[in-house]
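Residues per chain, in single letters:
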Amino acid sequence: MDRSSKKGSKLACCFPVILDRSMKSSFKLSKSSSSDKLNKSKSSICSPTSLSMKKRDQENNHLVVCFGELLIDFVPTVSEVSLAEAPGFKKAPGGAPANVAVGIARLGGSSAFIGKVGADEFGYMLSDILKQNHVDNSGMRFDTHARTALAFVTLRADGEREFMFFRNPSADMLLTEAELDKDLIQKARIFHYGSISLIAEPCRSAHLAAMEIAKKAGCILSYDPNLRLPLWPSADAARKGILSIWDQADVIKVSEDEITFLTDGEDAYDDNVVMTKLFRPNLKLLLVTEGGEGCRYYTKNFHGRVNGIKVTAVDTTGAGDAFVGGLLNSMASDPDIYQDEKKLRNALLFANGCGAITVTEKGAIPALPTKEAVLKILDGATSNQISPTH
(Lines give C-alpha, C1' and ligand atoms only; values in the text may rest on other atoms or scores of the structure.)
Protein backbone atom coordinates (compact mmCIF):
# COMPACT_ATOMS: atom_id res chain seq x y z
CA MET A 1 0.00 0.00 0.00
CA ASP A 2 2.40 2.51 -1.30
CA ARG A 3 0.51 5.67 -0.55
CA SER A 4 0.45 4.89 3.12
CA SER A 5 4.18 4.21 2.99
CA LYS A 6 4.87 7.50 1.24
CA LYS A 7 2.64 9.73 3.31
CA GLY A 8 2.86 7.84 6.57
CA SER A 9 -0.83 7.25 7.11
CA LYS A 10 -1.58 3.56 7.60
CA LEU A 11 -4.95 4.22 9.13
CA ALA A 12 -8.22 2.34 9.00
CA CYS A 13 -11.86 3.01 9.61
CA CYS A 14 -14.71 1.13 11.20
CA PHE A 15 -17.76 0.18 9.15
CA PRO A 16 -20.90 -1.85 9.87
CA VAL A 17 -20.50 -5.61 9.78
CA ILE A 18 -23.34 -8.11 10.10
CA LEU A 19 -21.96 -11.32 11.60
CA ASP A 20 -24.23 -14.27 11.03
CA ARG A 21 -23.41 -16.48 14.01
CA SER A 22 -25.21 -19.38 12.41
CA MET A 23 -22.42 -19.57 9.85
CA LYS A 24 -20.11 -21.03 12.50
CA SER A 25 -21.70 -24.41 11.98
CA SER A 26 -20.45 -24.42 8.39
CA PHE A 27 -16.80 -24.40 9.47
CA LYS A 28 -14.79 -27.34 10.75
CA LEU A 29 -12.64 -26.01 13.57
CA SER A 30 -9.44 -27.88 12.83
CA LYS A 31 -6.03 -27.23 11.44
CA SER A 32 -7.33 -27.90 7.95
CA SER A 33 -10.90 -26.78 8.40
CA SER A 34 -13.28 -26.46 5.48
CA SER A 35 -16.94 -27.22 5.02
CA ASP A 36 -18.17 -30.73 4.24
CA LYS A 37 -19.93 -29.23 1.29
CA LEU A 38 -16.64 -27.91 -0.09
CA ASN A 39 -14.93 -31.29 0.42
CA LYS A 40 -17.75 -33.03 -1.47
CA SER A 41 -17.46 -30.57 -4.33
CA LYS A 42 -13.74 -31.20 -4.53
CA SER A 43 -14.32 -34.95 -4.71
CA SER A 44 -16.70 -34.55 -7.61
CA ILE A 45 -13.96 -32.87 -9.64
CA CYS A 46 -12.11 -36.18 -9.91
CA SER A 47 -14.43 -37.79 -12.48
CA PRO A 48 -13.30 -37.78 -16.17
CA THR A 49 -16.28 -35.65 -17.18
CA SER A 50 -15.70 -33.07 -14.49
CA LEU A 51 -11.98 -32.98 -15.32
CA SER A 52 -12.75 -31.93 -18.88
CA MET A 53 -15.22 -29.35 -17.59
CA LYS A 54 -12.57 -28.07 -15.21
CA LYS A 55 -10.11 -27.73 -18.08
CA ARG A 56 -12.59 -25.64 -20.04
CA ASP A 57 -13.29 -23.54 -16.96
CA GLN A 58 -9.57 -22.92 -16.49
CA GLU A 59 -9.26 -21.76 -20.08
CA ASN A 60 -12.14 -19.32 -19.78
CA ASN A 61 -12.10 -18.07 -16.21
CA HIS A 62 -10.74 -14.76 -14.99
CA LEU A 63 -10.19 -15.81 -11.37
CA VAL A 64 -7.59 -14.01 -9.25
CA VAL A 65 -6.59 -15.89 -6.09
CA CYS A 66 -5.04 -13.74 -3.35
CA PHE A 67 -2.88 -15.38 -0.70
CA GLY A 68 -1.72 -13.99 2.64
CA GLU A 69 -2.76 -12.22 5.80
CA LEU A 70 -6.19 -11.13 6.99
CA LEU A 71 -6.35 -9.34 10.32
CA ILE A 72 -8.08 -6.73 12.45
CA ASP A 73 -6.72 -3.17 12.56
CA PHE A 74 -7.49 -1.10 15.65
CA VAL A 75 -7.29 2.62 15.00
CA PRO A 76 -7.69 5.49 17.53
CA THR A 77 -11.05 7.21 17.54
CA VAL A 78 -9.25 10.57 17.36
CA SER A 79 -6.48 11.66 14.99
CA GLU A 80 -2.85 12.53 15.59
CA VAL A 81 -2.33 10.80 18.92
CA SER A 82 0.01 8.07 20.06
CA LEU A 83 -1.39 4.65 20.87
CA ALA A 84 -0.94 5.38 24.58
CA GLU A 85 -2.84 8.68 24.28
CA ALA A 86 -5.76 7.22 22.31
CA PRO A 87 -9.05 7.39 24.26
CA GLY A 88 -10.47 4.46 22.32
CA PHE A 89 -10.17 2.39 19.15
CA LYS A 90 -12.29 1.35 16.19
CA LYS A 91 -11.83 -2.01 14.50
CA ALA A 92 -11.58 -2.62 10.77
CA PRO A 93 -10.49 -5.46 8.49
CA GLY A 94 -6.86 -5.34 7.42
CA GLY A 95 -4.47 -7.25 5.21
CA ALA A 96 -3.31 -6.17 1.75
CA PRO A 97 -4.04 -9.45 -0.11
CA ALA A 98 -7.61 -9.46 1.21
CA ASN A 99 -8.05 -5.82 0.19
CA VAL A 100 -6.93 -6.70 -3.34
CA ALA A 101 -9.42 -9.58 -3.48
CA VAL A 102 -12.28 -7.30 -2.44
CA GLY A 103 -11.11 -4.61 -4.84
CA ILE A 104 -11.31 -7.01 -7.78
CA ALA A 105 -14.75 -8.25 -6.76
CA ARG A 106 -15.98 -4.67 -6.32
CA LEU A 107 -14.97 -3.98 -9.93
CA GLY A 108 -17.06 -6.93 -11.08
CA GLY A 109 -14.17 -9.38 -11.34
CA SER A 110 -13.74 -12.87 -9.91
CA SER A 111 -11.53 -13.28 -6.84
CA ALA A 112 -10.79 -15.66 -3.99
CA PHE A 113 -8.76 -15.46 -0.79
CA ILE A 114 -6.53 -18.09 0.81
CA GLY A 115 -5.31 -17.56 4.36
CA LYS A 116 -5.87 -18.44 7.99
CA VAL A 117 -7.62 -16.75 10.89
CA GLY A 118 -8.50 -17.82 14.39
CA ALA A 119 -11.64 -19.79 15.19
CA ASP A 120 -12.84 -16.72 17.08
CA GLU A 121 -15.31 -13.85 16.67
CA PHE A 122 -12.84 -11.74 14.67
CA GLY A 123 -11.98 -14.64 12.38
CA TYR A 124 -15.64 -15.34 11.60
CA MET A 125 -16.26 -11.62 11.11
CA LEU A 126 -13.44 -11.35 8.57
CA SER A 127 -14.65 -14.43 6.70
CA ASP A 128 -18.15 -12.95 6.56
CA ILE A 129 -16.81 -9.62 5.26
CA LEU A 130 -15.20 -11.40 2.33
CA LYS A 131 -18.43 -13.30 1.65
CA GLN A 132 -20.50 -10.11 1.79
CA ASN A 133 -18.13 -8.56 -0.75
CA HIS A 134 -18.48 -11.50 -3.17
CA VAL A 135 -15.00 -12.92 -2.58
CA ASP A 136 -14.70 -16.72 -2.61
CA ASN A 137 -13.62 -17.53 0.97
CA SER A 138 -13.58 -21.32 0.60
CA GLY A 139 -9.78 -21.29 0.88
CA MET A 140 -9.85 -19.82 4.38
CA ARG A 141 -8.86 -21.97 7.35
CA PHE A 142 -9.69 -21.51 11.04
CA ASP A 143 -7.19 -22.32 13.80
CA THR A 144 -8.51 -23.43 17.19
CA HIS A 145 -5.18 -22.87 18.94
CA ALA A 146 -4.22 -19.37 17.76
CA ARG A 147 -6.10 -16.09 17.55
CA THR A 148 -6.77 -13.84 14.59
CA ALA A 149 -3.95 -11.32 14.16
CA LEU A 150 -4.47 -7.83 15.62
CA ALA A 151 -2.67 -4.60 14.79
CA PHE A 152 -2.92 -1.29 16.60
CA VAL A 153 -1.85 1.55 14.34
CA THR A 154 -1.91 5.33 14.50
CA LEU A 155 -0.55 8.41 12.75
CA ARG A 156 0.99 10.65 15.40
CA ALA A 157 1.00 14.43 15.32
CA ASP A 158 4.65 14.37 14.19
CA GLY A 159 3.63 12.43 11.07
CA GLU A 160 5.23 9.17 12.18
CA ARG A 161 3.28 5.94 12.13
CA GLU A 162 3.18 3.86 15.28
CA PHE A 163 2.44 0.13 15.22
CA MET A 164 1.77 -2.54 17.81
CA PHE A 165 1.21 -6.05 16.47
CA PHE A 166 -0.22 -9.06 18.27
CA ARG A 167 1.15 -12.08 16.35
CA ASN A 168 2.94 -14.40 18.79
CA PRO A 169 1.99 -16.37 16.81
CA SER A 170 -1.30 -15.43 15.21
CA ALA A 171 -3.37 -17.80 13.11
CA ASP A 172 -2.22 -16.37 9.76
CA MET A 173 1.36 -17.42 10.58
CA LEU A 174 0.31 -21.04 11.14
CA LEU A 175 -1.13 -21.92 7.74
CA THR A 176 0.45 -25.16 6.55
CA GLU A 177 1.03 -26.62 3.10
CA ALA A 178 -1.46 -29.41 3.88
CA GLU A 179 -4.19 -26.79 4.41
CA LEU A 180 -3.81 -25.21 0.98
CA ASP A 181 -6.79 -25.44 -1.33
CA LYS A 182 -4.77 -26.68 -4.29
CA ASP A 183 -7.80 -26.97 -6.58
CA LEU A 184 -8.66 -23.33 -5.99
CA ILE A 185 -5.10 -22.22 -6.78
CA GLN A 186 -5.04 -24.29 -9.97
CA LYS A 187 -8.25 -22.66 -11.18
CA ALA A 188 -6.71 -19.18 -11.00
CA ARG A 189 -5.54 -17.14 -13.94
CA ILE A 190 -3.55 -14.92 -11.56
CA PHE A 191 -2.07 -15.83 -8.17
CA HIS A 192 -1.32 -12.74 -6.05
CA TYR A 193 0.65 -12.51 -2.81
CA GLY A 194 2.74 -10.28 -0.55
CA SER A 195 5.77 -10.81 1.66
CA ILE A 196 4.37 -10.85 5.19
CA SER A 197 3.52 -14.53 4.81
CA LEU A 198 7.24 -15.20 4.30
CA ILE A 199 8.26 -14.05 7.77
CA ALA A 200 7.70 -17.21 9.79
CA GLU A 201 7.13 -20.95 9.48
CA PRO A 202 4.98 -22.85 8.72
CA CYS A 203 3.32 -20.13 6.65
CA ARG A 204 6.50 -19.46 4.69
CA SER A 205 6.62 -23.04 3.43
CA ALA A 206 2.91 -22.90 2.62
CA HIS A 207 3.49 -19.69 0.67
CA LEU A 208 6.34 -21.22 -1.36
CA ALA A 209 4.29 -24.36 -2.03
CA ALA A 210 1.32 -22.30 -3.19
CA MET A 211 3.55 -20.37 -5.60
CA GLU A 212 4.88 -23.63 -7.02
CA ILE A 213 1.36 -25.00 -7.50
CA ALA A 214 0.31 -21.78 -9.22
CA LYS A 215 3.37 -21.73 -11.47
CA LYS A 216 2.87 -25.34 -12.57
CA ALA A 217 -0.79 -24.57 -13.29
CA GLY A 218 0.24 -21.76 -15.63
CA CYS A 219 -0.93 -18.90 -13.42
CA ILE A 220 0.49 -15.40 -13.67
CA LEU A 221 2.37 -14.72 -10.40
CA SER A 222 1.73 -11.24 -9.01
CA TYR A 223 3.83 -9.87 -6.12
CA ASP A 224 3.35 -6.77 -3.97
CA PRO A 225 5.98 -6.90 -1.17
CA ASN A 226 4.01 -4.45 0.99
CA LEU A 227 6.94 -3.81 3.32
CA ARG A 228 6.04 -3.77 7.03
CA LEU A 229 9.38 -3.54 8.80
CA PRO A 230 8.06 -3.88 12.38
CA LEU A 231 6.93 -7.42 11.58
CA TRP A 232 10.37 -8.62 10.47
CA PRO A 233 13.19 -9.59 12.86
CA SER A 234 15.47 -7.00 11.25
CA ALA A 235 15.81 -4.79 8.17
CA ASP A 236 18.32 -7.23 6.68
CA ALA A 237 15.92 -10.13 7.22
CA ALA A 238 13.15 -8.16 5.50
CA ARG A 239 15.34 -7.28 2.52
CA LYS A 240 16.57 -10.86 2.15
CA GLY A 241 13.09 -12.35 2.61
CA ILE A 242 11.41 -10.03 0.11
CA LEU A 243 14.08 -10.59 -2.54
CA SER A 244 14.18 -14.36 -1.97
CA ILE A 245 11.14 -14.87 -4.25
CA TRP A 246 11.70 -11.88 -6.54
CA ASP A 247 12.90 -13.93 -9.53
CA GLN A 248 9.77 -16.08 -9.64
CA ALA A 249 7.19 -13.32 -10.16
CA ASP A 250 5.71 -12.30 -13.49
CA VAL A 251 4.35 -8.97 -12.21
CA ILE A 252 5.76 -6.94 -9.32
CA LYS A 253 4.45 -3.71 -7.80
CA VAL A 254 6.67 -1.65 -5.50
CA SER A 255 6.55 1.84 -4.04
CA GLU A 256 9.32 4.43 -4.19
CA ASP A 257 10.16 3.85 -0.52
CA GLU A 258 10.41 0.11 -1.12
CA ILE A 259 12.86 0.65 -3.99
CA THR A 260 15.07 2.76 -1.72
CA PHE A 261 14.91 0.06 0.95
CA LEU A 262 15.54 -2.89 -1.37
CA THR A 263 18.44 -1.19 -3.18
CA ASP A 264 20.01 -0.06 0.09
CA GLY A 265 19.45 3.65 -0.43
CA GLU A 266 19.75 4.13 -4.19
CA ASP A 267 17.67 6.65 -6.13
CA ALA A 268 14.13 5.33 -6.58
CA TYR A 269 13.52 7.76 -9.46
CA ASP A 270 16.46 6.54 -11.54
CA ASP A 271 15.27 4.27 -14.35
CA ASN A 272 18.72 2.71 -14.54
CA VAL A 273 18.56 1.74 -10.86
CA VAL A 274 15.16 0.13 -11.35
CA MET A 275 16.20 -1.82 -14.44
CA THR A 276 19.61 -2.97 -13.19
CA LYS A 277 18.73 -3.66 -9.56
CA LEU A 278 15.13 -4.88 -9.67
CA PHE A 279 14.20 -5.99 -13.17
CA ARG A 280 14.76 -9.71 -13.81
CA PRO A 281 14.86 -11.83 -17.00
CA ASN A 282 11.64 -13.68 -16.14
CA LEU A 283 9.77 -10.53 -15.12
CA LYS A 284 7.05 -9.41 -17.51
CA LEU A 285 6.02 -6.18 -15.79
CA LEU A 286 7.52 -4.07 -13.00
CA LEU A 287 5.43 -1.24 -11.59
CA VAL A 288 6.55 1.62 -9.37
CA THR A 289 3.75 3.54 -7.66
CA GLU A 290 4.27 7.18 -6.74
CA GLY A 291 1.24 7.96 -4.60
CA GLY A 292 -0.83 10.79 -6.05
CA GLU A 293 1.72 11.36 -8.83
CA GLY A 294 0.79 8.13 -10.61
CA CYS A 295 3.01 5.20 -11.56
CA ARG A 296 5.90 4.05 -13.73
CA TYR A 297 5.97 0.84 -15.73
CA TYR A 298 8.87 -1.26 -17.01
CA THR A 299 8.87 -4.18 -19.44
CA LYS A 300 11.62 -5.77 -21.54
CA ASN A 301 10.62 -3.64 -24.54
CA PHE A 302 9.42 -0.30 -23.20
CA HIS A 303 8.91 1.82 -20.11
CA GLY A 304 7.12 5.02 -19.18
CA ARG A 305 4.81 6.61 -16.67
CA VAL A 306 1.12 7.34 -16.22
CA ASN A 307 0.14 10.42 -14.25
CA GLY A 308 -2.15 10.17 -11.25
CA ILE A 309 -5.71 11.44 -10.99
CA LYS A 310 -5.88 14.56 -8.86
CA VAL A 311 -8.28 14.27 -5.91
CA THR A 312 -8.55 15.55 -2.35
CA ALA A 313 -7.18 12.79 -0.13
CA VAL A 314 -9.04 11.93 3.06
CA ASP A 315 -7.43 8.60 3.97
CA THR A 316 -4.71 6.86 1.95
CA THR A 317 -5.40 3.43 3.47
CA GLY A 318 -5.70 0.79 0.77
CA ALA A 319 -4.81 3.02 -2.18
CA GLY A 320 -2.01 0.72 -3.31
CA ASP A 321 -4.24 -2.33 -2.92
CA ALA A 322 -6.95 -0.64 -4.98
CA PHE A 323 -4.35 0.07 -7.67
CA VAL A 324 -3.24 -3.57 -7.72
CA GLY A 325 -6.84 -4.77 -7.80
CA GLY A 326 -7.60 -2.51 -10.75
CA LEU A 327 -4.60 -3.72 -12.73
CA LEU A 328 -5.10 -7.43 -11.96
CA ASN A 329 -8.77 -7.20 -12.90
CA SER A 330 -7.67 -5.92 -16.32
CA MET A 331 -4.94 -8.55 -16.63
CA ALA A 332 -7.33 -11.36 -15.75
CA SER A 333 -9.33 -10.48 -18.87
CA ASP A 334 -6.24 -9.84 -21.00
CA PRO A 335 -3.18 -11.71 -19.64
CA ASP A 336 -0.87 -10.43 -22.40
CA ILE A 337 -1.72 -6.79 -21.81
CA TYR A 338 1.90 -6.06 -20.81
CA GLN A 339 2.97 -6.68 -24.44
CA ASP A 340 0.83 -3.86 -25.84
CA GLU A 341 1.92 -0.49 -24.47
CA LYS A 342 -1.28 1.31 -25.41
CA LYS A 343 -3.44 -1.30 -23.66
CA LEU A 344 -1.11 -1.34 -20.66
CA ARG A 345 -1.21 2.44 -20.27
CA ASN A 346 -5.00 2.42 -20.38
CA ALA A 347 -5.08 -0.33 -17.74
CA LEU A 348 -2.68 1.63 -15.53
CA LEU A 349 -4.75 4.79 -15.91
CA PHE A 350 -7.74 2.74 -14.76
CA ALA A 351 -5.69 1.40 -11.82
CA ASN A 352 -4.65 4.95 -10.90
CA GLY A 353 -8.33 5.86 -10.92
CA CYS A 354 -9.05 3.02 -8.50
CA GLY A 355 -6.40 4.31 -6.12
CA ALA A 356 -7.57 7.91 -6.44
CA ILE A 357 -11.17 7.11 -5.53
CA THR A 358 -10.07 5.02 -2.56
CA VAL A 359 -8.28 7.94 -0.88
CA THR A 360 -11.39 10.13 -1.01
CA GLU A 361 -13.12 8.07 1.69
CA LYS A 362 -12.12 6.61 5.02
CA GLY A 363 -11.15 2.99 5.35
CA ALA A 364 -9.84 0.54 2.77
CA ILE A 365 -12.63 -1.92 1.95
CA PRO A 366 -15.50 0.60 2.27
CA ALA A 367 -13.71 2.99 -0.12
CA LEU A 368 -12.79 0.48 -2.85
CA PRO A 369 -14.56 1.61 -6.04
CA THR A 370 -16.91 0.05 -8.54
CA LYS A 371 -16.03 -0.04 -12.23
CA GLU A 372 -18.67 2.59 -12.95
CA ALA A 373 -17.16 4.98 -10.39
CA VAL A 374 -13.70 4.60 -11.91
CA LEU A 375 -14.93 5.19 -15.45
CA LYS A 376 -16.72 8.30 -14.25
CA ILE A 377 -13.62 9.80 -12.66
CA LEU A 378 -11.63 8.98 -15.78
CA ASP A 379 -14.02 10.93 -17.99
CA GLY A 380 -11.93 14.01 -17.32
CA ALA A 381 -8.62 12.24 -17.91
CA THR A 382 -6.93 13.03 -21.22
CA SER A 383 -4.09 11.56 -23.22
CA ASN A 384 -1.60 13.79 -21.45
CA GLN A 385 -1.98 11.49 -18.45
CA ILE A 386 0.44 9.16 -20.21
CA SER A 387 4.14 9.64 -20.92
CA PRO A 388 5.70 6.69 -22.77
CA THR A 389 9.47 6.40 -22.96
CA HIS A 390 11.12 3.97 -25.35
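In the nomenclature of an unreviewed UniProt entry, the protein is known as fructokinase of Nicotiana sylvestris. Listed under Function (unreviewed entry) in UniProt, the entry text for the protein is "May play an important role in maintaining the flux of carbon towards starch formation." According to the UniProt record, the Sequence similarities (unreviewed entry) comment for the protein is "Belongs to the carbohydrate kinase PfkB family."

A. Quick look at unusual backbone geometry. With an omega of -10°, the peptide bond between N168 and P169 qualifies as cis. With respect to the secondary-structure elements, P169 resides in the loop between β7 (161-166) and α6 (182-187). You will see that H134, though not glycine, has its phi angle at about 65°, which is positive. Phi at D264 is positive, roughly 60°, even though this residue is not glycine. Within the fold, D264 resides in the loop between α9 (256-262) and α10 (271-278).

B. Geometry of the side chain of R239. Mapped onto the elements of the fold, R239 is located in helix α8 (residues 235-243). Among the residues examined, R239 registers a relative accessible area of 17% and is labelled buried. A polar contact is formed between the side chain of R239 and the backbone oxygen of F261, at a distance of 2.9 Å. Apart from the residues within four sequence positions on either side, R239 is in contact with F261, L262 and D264.

Procedures and definitions
- Residues numbered from 1 in each chain as written.
- Predicted model: local features only at pLDDT ≥ 70, side-chain atom pairs only at ≥ 80, totals over all residues.
- Heavy atoms only, no water.
- UniProt positions renumbered as here; feature names shortened; annotations may be inferred.
- Helix = DSSP H or I, 4+ residues; strand = E, 2+ residues; numbered from the N terminus.
- Buried < 20%, exposed > 50% of the residue type's maximum accessible area, 1.4 Å probe, protein only.
- Polar contact = N/O pair within 3.5 Å; in protein donor to acceptor, adjacent residues only side chain to side chain.
- Contact = heavy atoms within 4.5 Å.

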